[in-house]
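One letter stands for each residue in the lines below.
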Amino acid sequence: MGLILSRAAQWTSCCKLESAPLNEFLVTQVLNYVENFVSRHPQEAEHLFEEPLQWTTTLKKVDFKEDYVISAIGAKSLEKDSEGKPLLQYFPPFVSVRTISQLSKLLQLAADRKRQELQACLEENRDLIAKIVGQRLVNTPEENLSALELDIRVKLFILLKHIDEKILNKFVGEIAKQVKLLPAAVEEEVEFLKQYCTEGGKRLLKSLRYTSDYEFPNGCRAPPWRQLLGEICYVVIEPCDAEALYITCCSAGVFLNAGLDKEEDESLYERQGDFYEDMATLLKRVSPHFEKNVRKQYFVEQKPRKSIHVAHVDYEIEKAQPKTPEEREWEKVQQALYARKKREPCQRWRNLGVLSIFGSDEDLMMSAAEKKRLGSKTKVTMKVGLTAASSIGLTASQRRRSIVASLSEEHCSESSSESEEEEEQTERRPDTSTELQSEYWQVQKLVKYLKAADQTATVLVLCAMMDLDLMKEVIQLAILDLGGLELLLNLLDTTDIRSKIGSLKILAKISQNVIIRQTIVNMRGLQRMVNNLDLPVKELQALASETIAHVAKFRRARRTVRIHGGIRKLVKMLDCFHYSAKPGEDMEKNLEVARCGASALWSLSKSSKNKEAIRKAGGIPLLGLLLRSPYEKIAIPVVGTLQECASQKNYRVAIQNEGMVKDLVKNLSSDNEELQMLCASAIFKCAEDKLTRDLVRSHHGLQPLVSLLSKAENKQLLAAATGAIWKCSISMENVAIFQEYKALHMLIGLLTDQPEEVLVNVVGALGQFAQIQANKAAICNGGGIRALINLLNGTNQALLVNVAKAVGACATERDNVARSSSLSASICQQSSDSDNLCLDVGPHGLFPRMLSHLQRN
Amino acid sequence: MMEMTAKSKKLLHAQVEALLRKVEHFNKTEIENLILMFNTLMAEQVSRGRPANGLKRGKFRGVLQGTFEMTNAVMMDGVFRSFDTDGDGVIILEEWIRGLSVFLRGTLEEKIKHSFRVYDLNNDKYISKDEIFHMLKHSFIKWPSEEDPDEGIKDVVEITMKKMDLDHDGLLSYEDFQKSVLDENLFLQAFGPCLPEDATIEKFEEVVFKEPEQ
């Protein structure tokens, strides 16, 4: 049994047998042999061990019955050796055994704990054979053994070696049956199960997601140190009828972990339950809903999978195990699920033509040994895989979604929230009608040339491609579908600068398309662009970062750039005053590089970890420097990045300390509305701090803010400007200055017919203005109260809070109370201890509305 | 470096001074170094009969291949033609310095002129479709074997011509070429590599322009 323990068994670091299915199999096998040994080889079973086997037992004194003498300190066997020593001794918690027959008796005593006992015995006696027959014999070469044949000790040794071999043989058979999950297989299953996270009758699960969006090139999502343990990825599944399940997928199967989600605490990786061969099996065990419905689902989808049945029958025969019809049904579903994911690369990738890149990786992953082990099974599963493939096509097309998620929407979302962006993978098939268009054929021709061309012709073909209308979706998708995107990305790996530039010129345009962006990320495109960022060719740097700016519109992309060191390189590109600032052309190029770098950082800065990374790379002072430059084109992405990052305290402090407030204020008066909007938004975020509010005032920033209020048609600008005014008016000195510029009057005018983003800020500012006595009257006289009360009909919580505050501030004035009563709306004093309500309450007045909102919240 | 007599030193000095006035982009030491390089190349040039007064085609191609990493024969001949402004079949010292000033430090305008001369194979001031086809002939290296690569090449020539021939006369004049390149810099070396890569230039300057050893 030496070989089994040293080679086959899987050990943990502290010399325990891992509780893997294969180890369990081993222990069972050894157990069988030990139990039968006495009857088969009575003589050898009585042979005395050279050294007793000793281990920590769970047996108690009471477990030892007849044949044992029980004493105060323990127990010993009645059977003794020739010198009168007992063959078994028990001193809690240790037990020592000196013959196989005693061992087997002990296992009988242990009854249902015998596996546990044997496992402990194996664990604590790694040199088992040496202990039984002596180290010397173990070291004797095979051929010398026959000379010693007569010795019973030698016989025992040979017997044990045979057993060792037999178990190993069975073990190999077991491995062959074993499931070895591959990352592609896991991804397939996840994709497959995702289809059933829908609402309605088909629903099997509430939700399913990975804990990590980042996928390593080998297809795993687990961090590298966990990949060493064979772990592939972690999935969180919410079944319809149970708590969320945290699942680890590793090469040996899937199991529940200790609740691993976004946080990576080592203890969370621990296994909490049994191994299952895939997620569906696990779900079937824990979720009765899933089990019940997956069968139903199966019958619904039975038709397209018909061919699988045939293949499956072969499999059944091979297994030759009788099964209940129910079990068999399940097996079939399993088989359909399983066989498909085993051999079938993800359909989406196939569509995109990525296989040529990843195919080789896949082969690498499956080592020769593994292939051998799988050998017997492969034939069967292959057959099933092929037939199953056709049926997936159907489901994939069912999932077809609208082609383009709104481009404009994502661009507007300057907030730091990441959830509502392009998280979802959009599935798409070309419409047949578009295929016929001439542009499609044009693209096809060019892609074909691109495949064949050398460097010179490549550039010419790329130039021809640039002449197509690359902003047109038909063309973008044709490039994608015909394998052009892959070729373009491959060019980034070459050494030819001109091809790279040509390719990036095209990529920078077509990456405005959501699907292209996602495909670029899937094809490791961002890594390749990041690699080109530090080549000393400015045009290349600029184009690569411009493309990154387009692609990094969703979280996984932003993360990829960070992980591959892109942020450091981009920050370095901002440093355009660093290298010999020769005026003229050189400087212009440097500024262009810096502009593109800043644009990329702007996109990237929507993730909080990236904000931190930009800061750590020394980005803040460089952004400050660029902000001071007189070029509006640069200022836009720079301020964009700053206002995005200003959600972090570090940045707000830096913006104060680096004197950027002055430049932000200066740019408020620019002609460019986008720049004005970004500056106002930055001030909005930074003016939480008193020092910043004072700086805005001392740099004369309040007046330009007020003048922005007249730009009523640009709602984004209006929202940012009113936000900045609100936050600045937290300082009463500022309110006084706002007064001078008649801000109050303009704000009251903005109380009607504005989007909520504007209203929240306007009302917030009014609440601050109302802190000054004179203003309270002004608000009421100007019709402000009526407008405010009307706003209470809305549902926006932030707005309601601000309205309540503003009305509360006004209501401290007696006159106003009276005035508002005359509006037939009774006012309550909404002071900080909000229960303190006064005056009577009309049916349509303020109080019932406020109260109902309070209750609702 | 060769031992220099006082006479040859004086000659060198005079040459440097003369060229300094004629050629842009180089300083005194740089010109001096390039003259020395030219002299070395001339000395290496084995000539039967009477010695040539300049670098012959073969020797020059050797320089392009060895120093500037060019491999395309058509392009190398074109570069020779571009350097050899008087068309006498040898590159004399002044042509050598002038050519290299464009090669290494040329402005975009100068480089466009150079490229145009390279691509104008028959020196008739126009680049024709035939000339382009000749230069691109072997550009499809992974063409499906059952198809005729010339078809594809012809199509690429056609597409490119349509884009660059701004006055639609079926020929690329210098103006057509210049405007196209200014519009899209990638067309500067549209029909083959005829200028050294930045990295090669850097390497060359490092070796040739280093301060002469004392």
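Residues numbered from 1 in each chain as written. Chains lettered and ligands numbered in written order. Predicted model: local features only at pLDDT ≥ 70, side-chain atom pairs only at ≥ 80, totals over all residues. Heavy atoms only, no water.

### Quick word on a negative patch on the surface
To be explicit about the condition: For patch detection, residues must exceed 30% relative accessible area and be free of salt bridges, and they are connected within 9 Å for like charges or within 5 Å for nonpolar side chains (Val, Leu, Ile, Met, Phe, Trp, Tyr). Values of accessible area rely on a 1.4 Å probe in the Shrake-Rupley scheme; residue burial ignores everything except the protein chains shown. Between Lys or Arg on one side and Asp or Glu on the other, a salt bridge is scored when a side-chain nitrogen of the former is within 4 Å of a carboxyl oxygen of the latter. Charge convention: Lys and Arg are scored as positive, Asp and Glu as negative, and His as well as the terminal groups of each chain are ignored. The atom standing in for a charge is NZ when the residue is Lys, CZ when it is Arg, CG when it is Asp and CD when it is Glu. The way it works is that DSSP assigns letters per residue, a run of H or I at least four long becomes a helix, a run of E at least two long becomes a strand, and they are numbered from the N terminus.
A cluster of acidic side chains, namely Glu 197, Asp 198, Glu 202 and Glu 206 of chain B, defines a negative patch on the protein surface. The residue Glu 206 of chain B is located in helix α10 (residues 198–208) in this model.

### Points about the sheet that holds strand β7 (residues 231–239) of chain A
Hydrogen bonds between backbone atoms are what pair the strands of a sheet, whose relative direction is either parallel or antiparallel. Residue and element names in this part refer to chain A. The criterion, for reference: We call two strands paired when DSSP finds no fewer than two bridges between them. In this analysis an axis means a line fitted to C-alpha atoms, helices contributing only their contacting stretch, and an angle means the value between N-to-C directions, from 0 to 180 degrees. Contacts are assigned to residue pairs that have any heavy atoms within 4.5 Å of one another.
Strand order in the open sheet formed by four strands is β6-β7-β8-β9, and the pairing between neighbours is antiparallel. Each edge of the sheet is formed by a strand with only one pairing partner; in this case those strands are β6 (205–210) and β9 (253–256). Each strand axis lies, on average, 25° off the axis of its neighbour in the sheet, ignoring direction. Sheet analysis places strand β8 (residues 245–250) next to β9, joined by four bridges and oriented antiparallel. By the bridge assignment for β9, Cys 250 is matched with Gly 253. Packing of helix α10 (residues 183–194) onto the sheet brings it into contact with β6, β7 and β8, and relative to β6 it is tilted by some 150°. Helix-sheet contacts for helix α12 (residues 279–286) involve β6, β7, β8 and β9, and the interaxial angle to β8 is about 150°.

### Describing the interface of chain A and chain B
Basically, it comes down to this: Buried area is understood as the total, over both parts, of accessible area removed when two parts are fitted together, assessed with a 1.4 Å probe. Polar contact is the term for a pair of N or O atoms within 3.5 Å; when the atoms are in protein, one must be able to donate a hydrogen and the other to accept it, and sequence-neighboring residues count only if both atoms are side-chain atoms. By the convention adopted, Pro, Cys, Tyr, Trp, Phe, Met, Ile, Leu, Val and Ala count as nonpolar, Lys, Arg, Asp and Glu as charged, and the other residues, Gly among them, as polar.
At the interface, 23 residues of chain A touch 23 residues of chain B. Buried area between chain A and chain B, both sides added, is near 1,900 Å², and the carbon and sulfur share of it is 62%. Three residues stand out in chain A for area buried against chain B, namely Tyr 449, Leu 460 and Arg 498 of chain A, and they jointly supply 30% of the buried area on that side. At the surface where chain A touches chain B, the tally comes to four salt bridges. Among the salt bridges present, the one from Lys 505 of chain A reaches Glu 184 of chain B, with a minimum N-O distance of 2.6 Å. For the pair chain A and chain B, the number of links is 10 residue pairs in polar contact (both at pLDDT 80 or more). Those elements that provide at least two residues to the side of chain A that touches chain B are α21 (438–452), α22 (455–466) and α25 (497–510) of chain A. Take the side of chain A that touches chain B: its biggest share by element is eight residues, from α22 of chain A. When its residues are assigned to classes, the side of chain A that touches chain B shows 13 nonpolar, two polar and eight charged.

### Points about the environment of Arg 528 of chain A
Tracing the backbone shows Arg 528 of chain A in helix α27 (residues 525–531). Spatially, the C-alpha atoms of Arg 528 of chain A and Leu 492 of chain A are 6.2 Å apart, while their sequence positions differ by 36 residues.

### Digging into the packing of aromatic side chains
Where two aromatic rings form a pair, the distance of their centres and the angle of their planes describe that pair. Rules: Pairs were defined over the aromatic rings of Phe, Tyr and Trp, the Trp ring being its six-membered one, requiring ring centres within 6.5 Å. Orientation was assigned from the angle between planes: stacked under 30 degrees, edge-to-face over 60, tilted for the rest. Think of it in three bands: residues with accessible area under 20% of the maximum for their type are buried, residues over 50% are exposed, and the middle band is partly exposed, with areas taken using a 1.4 Å probe on protein chains only.
Applying the stated criterion across every chain yields a total of 20 aromatic pairs over all chains. Ring centres 6.4 Å apart and planes at 45° place the aromatic pair Phe 684 of chain A and Trp 726 of chain A in the tilted group. With Phe 684 of chain A in helix α37 (residues 673–686) and Trp 726 of chain A in helix α40 (residues 715–728), this residue pair connects regions lying 42 residues apart in the sequence. Taking the centre distance of 5.4 Å and the plane angle of 90° together, the rings of Phe 83 of chain B and Phe 103 of chain B count as edge-to-face. One end of the pair, Phe 83 of chain B, is in helix α4 (residues 73–83); the other, Phe 103 of chain B, is in helix α5 (residues 93–105), with 20 residues separating them in the sequence. The same class applies to Phe 83 of chain B as to Phe 103 of chain B, namely buried.

### Some details on the confidence of the model for chain B
What counts is decided by this rule: Predictor confidence is given residue by residue as pLDDT, running from a minimum of 0 to a maximum of 100.
Confidence in the prediction of chain B, expressed as mean pLDDT, is 88, and 94% of residues score 70 or more. In the predicted complex, the global pTM is 0.58; the interface-specific ipTM is 0.93.

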